[in-house]
Amino acid sequence: MKSNVTINPVLSLTATQYAVGADQFIAKKLFPMLMVAAQAAGFYVFKSENMLNVPQIIARAPSAPYSRGRTTLDNDSYNTRDYGHEEAIDDRERKKYRSAFDAELAAVTRAMRVVLVNQEVRAQALAVGSGVPTSAVGTAWDQANSDPIGDINAVREVIRLNAGMLPNTWVISEPTFNVLSEHVKVTDKIKYSQKGIITEELLTQVFKIPNLLVARTVANSANEGQALTPADIWGKDCIIGFVDGSPDLKSPTFGRIFSWTEESGSDGVIVESYRDDDIRSDVIRVRNDADEKLVAPACGYRLSGAIT
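The shown structure was predicted, so the numbers you read here are calculated from the model rather than taken from an experiment.

Draft legend 1. Quick peek at the overall build of the protein. Counting its regular elements, the protein contains 9 helices and 15 strands. Principal axes of the C-alpha set define a box for the protein whose edges measure 70 × 60 × 35 Å. A buried classification covers 43% of the 308 residues belonging to the protein. Sequence-distant contacts, at least 24 apart, represent 79% of the contacts inside the protein between residues at least 6 apart. Per element, the accessible surface of the protein, about 16000 Å² overall, is 51% carbon and sulfur.

Draft legend 2. Structural detail: the pairing of strand 12 (residues 255–260). In terms of residue burial, strand 12 counts as a mostly covered element, since 6 of its 6 residues are buried. A two-sided burial pattern is seen for strand 12, the buried positions comprising Gly255, Ile257 and Ser259 on one face and Arg256, Phe258 and Trp260 on the other. Across 5 bridges, strand 12 lies against strand 14 (residues 281–294) in antiparallel orientation. Across the sheet, residue Gly255 finds its bridge partner in strand 14, namely Leu294.

Draft legend 3. The pattern of salt bridges, seen in detail. As enumerated under the stated definition, the model contains 18 salt bridges in all. Between Lys96 and Glu93 there is a salt bridge whose closest N-O contact spans 3.1 Å. Its salt-bridge partner being Arg287, residue Glu272 comes within 2.8 Å of it at the nearest N-O pair. One end of the pair, Glu272, is in strand 13 (residues 270–276); the other, Arg287, is in strand 14, with 15 residues separating them in the sequence. For the pair formed by Glu272 and Arg287, the shared burial category is buried. The network of salt bridges with common partners includes Asp91, Arg94, Arg275, Asp277, Arg280 and Asp282.

Draft legend 4. Fine view of helix 7 (residues 174–182). Within the span of helix 7, buried status applies to Thr176, Phe177, Leu180 and Ser181. Buried residues of helix 7 fall within an arc of 140 degrees about the axis and therefore sit on the same side. If you follow the buried residues of helix 7, they end up packed against helix 6 (148–163), strand 7 (169–173), helix 8 (184–190), helix 9 (200–207) and strand 8 (211–215).

Draft legend 5. How the structure looks around the sheet that holds strand 11 (residues 238–241). Read across the open sheet, the 5 strands follow the order 6-15-11-7-8; overall the sheet is mixed. One side of each edge strand has no neighbouring strand; the edge strands of this open sheet are strand 6 (134–136) and strand 8. If you compare each strand with its neighbour and ignore which way they point, the axes differ by 20 degrees on average. Across the sheet, helix 7 lies against strand 7 and strand 8, angled at about 100 degrees from strand 7, the strand it touches most. Contacts between helix 9 and the sheet are confined to strand 7 and strand 8, with strand 8 contributing the most and set at about 125 degrees to the helix.

Draft legend 6. Structural detail: the side chain of Ser264. Inspection of the secondary structure puts Ser264 in the loop between strand 12 and strand 13. There is a polar contact of 3.0 Å between the side chain of Ser264 and the backbone oxygen of Trp260.

Draft legend 7. Broad picture of unusual backbone geometry. Phi at Lys208 takes a positive value of approximately 60 degrees, unusual for a residue other than glycine. Along the chain, Lys208 falls in the loop between helix 9 and strand 8. With a relative accessible area of 45%, Lys208 lands in the partly exposed category.

Draft legend 8. Quick look at the pairing of strand 7. The buried fraction of strand 7 is high, at 5 of 5 residues. Examined bridge by bridge, strand 7 and strand 8 share 5 bridges and lie parallel to one another. When the sheet's bridge partners are listed, Ile172 is paired in strand 8 with Val214. Two strands pair when backbone bridges link them, and strand 7 and strand 11 are joined in this way by 3 bridges, in the antiparallel orientation. Each bridged residue has a counterpart across the sheet, and for Trp170 the counterpart in strand 11 is Ile240.

Draft legend 9. Local environment of the nonpolar core. Ranked by internal contacts, the top residues of the largest apolar core, which has 36 residues, are Leu30, Phe31, Val171, Trp234, Ile239 and Val286. Of the residues forming this core, the biggest block, 11 residues, is contributed by helix 5 (residues 100–127). Formed by 31 residues, the second largest nonpolar core is a distinct cluster that contains Phe46, Val137, Ile149 and Leu180.

Draft legend 10. Seen up close, the packing of aromatic side chains. Going through the model one piece at a time under the given rule, you end up with 4 aromatic pairs. With 4.5 Å between their ring centres and 5 degrees between their planes, Tyr78 and Phe258 make a pair best called stacked. Of this pair, Tyr78 sits in strand 4 (residues 73–79) while Phe258 sits in strand 12, and the two are 180 residues apart along the sequence. The pair formed by Tyr78 and Phe258 is uniform in burial state, with each residue classed as buried. Members of the aromatic cluster, each reached through a chain of ring pairs, are Phe43, Tyr78 and Phe258. The aromatic ring of Tyr83 is capped on one face by Arg122, whose charged end is 3.6 Å from the ring centroid. Sitting over the ring of Phe177, Arg216 keeps its end group 5.8 Å from the ring centre.

About the thresholds
- Residues numbered from 1 in each chain as written.
- Predicted model: local features only at pLDDT ≥ 70, side-chain atom pairs only at ≥ 80, totals over all residues.
- Heavy atoms only, no water.
- Helix = DSSP H or I, 4+ residues; strand = E, 2+ residues; numbered from the N terminus.
- Buried < 20%, exposed > 50% of the residue type's maximum accessible area, 1.4 Å probe, protein only.
- Contact = heavy atoms within 4.5 Å.
- Areas by Shrake-Rupley, 256 points an atom, 1.4 Å probe, with all protein chains shown as cover.
- Pairing = 2+ DSSP bridges.
- Salt bridge = Lys/Arg side-chain N within 4 Å of Asp/Glu carboxyl O.
- Arc of directions from axis to C-beta.
- Axes fitted to C-alpha atoms, helices over the stretch in contact; angles between N-to-C directions.
- Polar contact = N/O pair within 3.5 Å; in protein donor to acceptor, adjacent residues only side chain to side chain.
- Core = buried A, V, L, I, M, F, W, Y, C linked by side-chain atoms within 4.5 Å.
- Phe/Tyr/Trp six-rings, centres within 6.5 Å; stacked < 30°, edge-to-face > 60°.
- Lys NZ or Arg CZ within 6 Å of the ring centre and 35° of its normal.

Okay, here's the thing in structure tokens:
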């Protein structure tokens, strides 16, 4: 028999911090979260004309109005969905923990990872989808005569011309990071000025994109029931984009995660608990109500096949 579900405000407030390897999830960094009051509504899709078509005559004549911005926007809509996962704390298992809170914290950690992995998968699918400009690298970066700096510089120029701004964020997986850390064109750039260890900070300087997100999360890529096949969620692509986390609905940014405030906590998740006497357990539920959407496809780019 189940009792009433209650929200745990303490665990809700800090649930993301409890996830194992929380810093390895990059979905919310590539697609900043926007808290919205409506579960479903329209939103503005940014058009390049707004950055590139600048009024040329802004001198004001006496008693005349000033030049005024007229933003041109396309419309799309979001529709948040309820995502969640539960973990049961058996009465016998609870007694093995130092305290009741420690048992609940362990359950939140497990449940939160499931929620975050699922959001990561959805964000990755959006970033490599048909709406995002895409091309393959000239030569895979783990092959001879490859030129990752030239490949990324070309994408920087495409985004600058199409969106009117330089990209500020790029995403690579851990295997790609390891390749770039040893690439001769990268080490040649810093060999006279830095130590031989290539860090994430050094890569941002070499590639001139300040915010590097190294996606290190691994999930099983096989279908349920098949043999385990671990794989990097973000695969072998390099995603490059301009990201703006401001709450301005008309601001250009590659994409957003719309999170319904009524069904989400301050960090986009809610932790609930209830008693299930049929299994002699307390059940911890972690859920979020979200929808991931592209806002300005011209602000993003996918370089496919960065490594073999």
